[in-house]
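Listed here are the chains, written in short residue letters.
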Amino acid sequence: MQPLAERLRPQTLDDYIGQKHLVGENAVLRKMIESGNLSSFILWGPPGVGKTTLAHIIANQLKRPFYTLSAVNSGVKDVREVIEKAKSSKFFSQANPILFIDEIHRFSKSQQDSLLGAVEQGIVTLIGATTENPSFEIITPLLSRCQVYVLQPLGKNDLLELAHRAITTDYELKQRDITIAEDEALLRFAGGDARKLLNIIDLMCQTDASEKVVITNESVVEGLQQNPMAYDKNGEMHYDIISAFIKSVRGSDPDAAIYWLARMVVGGEDPKFIARRLVILASEDIGLANPNALLLANACFDALQKIGWPEGRIILAETTIYLATSPKSNSAYLSIDEAIAKVKETGNLPVPLHLRNAPTKLMKELNYGKEYKYAHDFENHFVEQQYLPSELKHEKFWKPQDNPAEKKLDEYLKRLKDKNL
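In every chain, residue numbers begin from 1 and rise along the written sequence. Only residues with pLDDT of at least 70 are given local features in this predicted model, and only at 80 or more are side-chain atom pairs given and counted; all residues enter the totals for whole chains, interfaces and linings. Excluded from the side-chain calculations are hydrogens and water; all other atoms, namely the structure's heavy atoms, are used.

Peer 1: How do you make sense of the overall build of the protein chain when you look at a structure like this?
Peer 2: A run of DSSP states H or I qualifies as a helix once it reaches four residues; a run of E qualifies as a strand once it reaches two. Both are numbered from the N-terminal end. Tallying secondary structure elements over the protein chain gives 20 helices and seven strands in all. Its C-alpha radius of gyration of 27 Å places the protein chain more than 25% over the 22 Å reference for a compact globule of 421 residues. Viewed in the frame of its principal axes, the protein chain has a C-alpha envelope of about 80 × 60 × 45 Å. The burial tally for the protein chain puts 41% of its 421 residues in the buried class. Residue pairs in contact within the protein chain that sit at least 24 positions apart in sequence constitute 72% of those at least 6 positions apart. Only four residue types enter the tally: Lys and Arg on the positive side, Asp and Glu on the negative side, with His and both chain ends excluded. For this purpose, a charge sits on NZ of Lys, CZ of Arg, CG of Asp or CD of Glu. One finds the centroid of the 50 positive side-chain charges in the protein chain at a distance of 6 Å from the centroid of its 55 negative side-chain charges. Our radius of gyration is a C-alpha quantity, and the globule rule it is checked against amounts to 2.2 Å times the number of residues to the power 0.38. Exposure categories follow from relative accessible area, calculated using a 1.4 Å probe and restricted to protein chains: below 20% of the type maximum is buried, above 50% is exposed, and the middle band is partly exposed. Residues count as neighbours in contact if any of their non-hydrogen atoms are within 4.5 Å of one another.

Right, dumping it as structure tokens:
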């Protein structure tokens, strides 16, 4: 029997739950579909929010030939074969066939290059689906030929509507008396993912053989503990595992961090996905407490692209252990967010005159750059002067944290200022 998520897959836009900003009344995708003028686009969003379903609905509604490839197991040869099929099946004045590529971010540069001509010449209309930022993963020439539409995690009301639909309309489930008495755990574990939600409901009904099934917070937690979902690089626990990995590194537990790394390696996770998270971790959670962490994380990312798999796992392991055992600081992360909040609050405050650039005579006459003190002309290459806008001159955005490296930086600045008094 098909899984509940497959049995409940909507066939029309009216049955599609969520993403009203794209498919609601007068929304961009709905208008495009209703007009029949479909251009190539990429759907970017987390797992279980309806990317694949939306592609199928579009093809059905427009009655276009539909070809699908998964970037996980398709090569350049498969891409070329599909394009040839599309060419041979297209009749004069017939609308372009749709080529749907799931996980398009996993396509290599050469695979993406092989799509360019077909998209450019209108042989196919491309719909790509990705959980990763297309700016990082899709080559510029292909990205420039596609619109990017962002899909959001499903909200509480969307998920509850989906749950109600499942227990009242699914042929198998409506044969039984199913009640959702409590929904907090159901929604929490679903995490905005429709597939997860339906899988949990399916699991609750499979593990309870009685005619009457009551879903509670306790039954959901107990059921998931007894039947942990297998790691699925396509989405099921993709974000849960990476979350555990990040939190273990942040929490300075190298053993747990290596375990979660192993789970991702065995599960077939994209090594670049892991390496990118390590680079972010090095800045966000270690930062100035050990600036070498960012250098190592960046070197890890570069080395992975040169070495490849399976040896790349060793590079990832070395970096993971180093980051997990490094002192931690999020002062850089906090400082930039605090500064951004202040910019949004205060707007575009004027740059002090003495800091302004003065490339023209008029600007010099207006005192641009006048009285600026060139730091290198002073002892210790430091001179006290105002660098912030006048309205913010007493603000402190960077607050050094309690670790040897930042204490040293803070003491250095204090010594400079003391000498300047």
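Peer 1: Where do I start with the packing of aromatic side chains in this structure?
Peer 2: The geometry of two aromatic rings is summed up by the distance between their centres and the angle between their planes. Aromatic contacts are taken between Phe, Tyr and Trp rings whose centres are within 6.5 Å, Trp giving its six-membered ring; a plane angle under 30 degrees counts as stacked, one over 60 as edge-to-face, and the others as tilted. In total, this model carries three aromatic pairs according to the counting rule given. Seen from their ring centres, Phe 41 and Tyr 149 are 5.5 Å apart, and the 65° between their planes marks the pair as edge-to-face. Remark: Tyr 149 occurs in strand E5 (residues 147–150) and Phe 41 occurs in strand E1 (residues 41–44); sequence separation between them is 108 residues. Accessibility expressed as a relative area gives 9% for Tyr 149, which makes it buried. Here the aromatic rings of Tyr 259 and Trp 260 are separated by 4.8 Å at their centres, their planes lie at 70°, and the arrangement is edge-to-face. Its relative accessible area of 22% is what places Trp 260 among the partly exposed residues.

Peer 1: Explanation requested: a nonpolar patch on the surface in the structure shown.
Peer 2: Residues Tyr 372, Tyr 374 and Tyr 387 make up a contiguous nonpolar surface patch of about 340 Å² in total accessible area. Its location among the elements puts Tyr 372 in the loop between helix H19 (361–365) and helix H20 (404–420). Looking at Tyr 372, the relative accessible area reads 39%, which means it is partly exposed. What makes a patch is a set of residues exposed beyond 30% relative accessible area and free of salt bridges, joined within 9 Å when like-charged and within 5 Å when nonpolar (Val, Leu, Ile, Met, Phe, Trp, Tyr). Here the Shrake-Rupley method, with its probe set to 1.4 Å, supplies the accessible areas, and only the displayed protein chains count as covering residues. Within this document, salt bridges are pairs made up of a side-chain nitrogen of Lys or Arg and a carboxyl oxygen of Asp or Glu, the two lying within 4 Å of each other.

Peer 1: What exactly am I supposed to notice about the confidence of the model for the protein chain here?
Peer 2: Detailed reading of the predicted model is not advised wherever pLDDT is low. Across the protein chain, the average pLDDT comes to 84, with 94% of residues at or above 70. Every residue carries a pLDDT, the predictor's confidence in it, which falls somewhere between 0 and 100. Throughout residues 229–236 the model reports pLDDT below 50, and contacts reaching past four residues in sequence, or to other chains, amount to 32 contacts.

Peer 1: Got a minute to help me understand helix H14 (residues 254–267) in this structure?
Peer 2: Every α-helix carries 3.6 residues per turn, so stepping three or four residues along brings you back to the same face. If you check H14, its first and last C-alpha atoms are 20 Å apart, about what 14 residues at 1.5 Å a residue would give, namely 20 Å. Within the sequence span of H14, burial applies to Ala 257, Leu 261 and Met 264. Across the axial projection of H14, the buried residues extend over an arc of 60°, all falling on one side. Exposed residues on H14 whose side chains face more than 90 degrees from its buried face are Asp 255 and Val 266. Residue Asp 253 occupies the N-cap position of H14, its side-chain oxygen lying 3.2 Å from the main-chain nitrogen of Asp 255. Remark: Gly 268 follows H14 within two positions and exhibits a positive phi of approximately 85°. Here the expected span of a helix is defined as 1.5 Å times the quantity of residues minus one. Directions are taken from the helix axis to each C-beta atom, and the arc is the one they span. Definition of a polar contact: a pair of N or O atoms within 3.5 Å, with one able to donate and the other able to accept a hydrogen when the atoms are protein atoms, and with sequence-neighbouring residues admitted only if both atoms are side-chain atoms.

Peer 1: Please clarify how the nonpolar core should be interpreted in this entry.
Peer 2: Nonpolar side chains in soluble globular proteins tend to be buried together. As used in this record, nonpolar core signifies buried Ala, Val, Leu, Ile, Met, Phe, Trp, Tyr and Cys residues forming a set joined through side-chain atoms within 4.5 Å. Grouped together as the largest cluster of nonpolar side chains are 28 residues, with contacts concentrated most on Leu 173, Leu 197 and Ile 201. Broken down by secondary-structure element, the contributors of at least two residues to this core are helix H1 (4–7), helix H9 (156–169), helix H10 (184–190), helix H11 (194–207), strand E7 (212–215) and helix H12 (217–226). No other element matches the eight residues that H11 contributes to this core.

Peer 1: Just to check I follow, could you spell out the pattern of salt bridges for this structure?
Peer 2: Applying the stated criterion across every chain, the model contains 20 salt bridges. For Arg 276, the salt bridge is made with Glu 132, and the minimal N-O distance between the two is 3.6 Å. In this pair, Arg 276 is assigned in helix H15 (residues 271–286) and Glu 132 in the loop between strand E4 (125–130) and helix H7 (134–137), connecting sequence segments 144 residues apart. By relative accessible area, which is 6% here, Glu 132 ends up buried. Between Lys 342 and Glu 395 there is a salt bridge; the shortest N-O distance is 3.4 Å. Placement of the pair is Lys 342 in helix H18 (residues 331–346) and Glu 395 in the loop between H19 and H20, with a sequence separation of 53 residues. When its relative accessible area of 18% is taken as the criterion, Lys 342 is described as buried.

Peer 1: Explanation requested: the sheet that holds E1 in the structure shown.
Peer 2: Strand pairing within a sheet occurs via backbone hydrogen bonds; the two strands may be parallel or antiparallel. Strand pairing requires that DSSP identify at least two bridges connecting the strands. Spatially, E2-E3-E4-E1-E5 is the arrangement adopted by the five strands of the open sheet, whose pairing is parallel. The sheet is open, and its two edges are formed by strand E2 (66–70) and E5, each paired on a single side. On average, adjacent strands in this sheet sit at an angle of 20° to one another, irrespective of strand direction. Here four bridges tie E1 to E5, and the two strands are oriented parallel to one another. By the bridge assignment, Phe 41 is partnered in E5 with Gln 147. Docked against the sheet, helix H4 (residues 51–62) engages E1, E2, strand E3 (98–102) and E4, running at close to 170° with respect to E3. Interaxial angle, 0 to 180 degrees, is taken between N-to-C directions of lines fitted to C-alpha atoms, where a helix line uses only the stretch in contact. Across the face of the sheet, helix H5 (residues 76–89) comes into contact with E2 and E3 while running at roughly 180° to E2.

Peer 1: How should the packing of H9 against H11 be read in this particular structure?
Peer 2: Two quantities define a packed helix pair, namely the angle between the axes and the distance from one axis to the other. At their nearest, the axes of H9 and H11 sit 10 Å apart, and the two run at 40° to each other. Taken as axis vectors, H9 and H11 run oblique relative to one another. In the packing of H9 onto H11, the handedness of the crossing is right-handed. Here Leu 159, Leu 162, Ala 163, Ala 166 and Ile 167 of H9 lie close against H11, whose contacting residues are Ala 194, Leu 197, Leu 198 and Ile 201. Ten residues, namely Ala, Val, Leu, Ile, Met, Phe, Trp, Tyr, Cys and Pro, are considered nonpolar, four, namely Asp, Glu, Lys and Arg, are considered charged, and the remaining ones, Gly among them, are considered polar. Here the residues of the contact of H9 with H11 sort into nine nonpolar, no polar and no charged. In what follows, roughly perpendicular refers to angles from 65 to 115 degrees, roughly parallel to angles under 35, roughly antiparallel to angles over 145, and oblique to any angle outside these ranges. A crossing counts as left-handed when the near helix is turned anticlockwise from the far one by less than a right angle, and as right-handed when that turn is clockwise.

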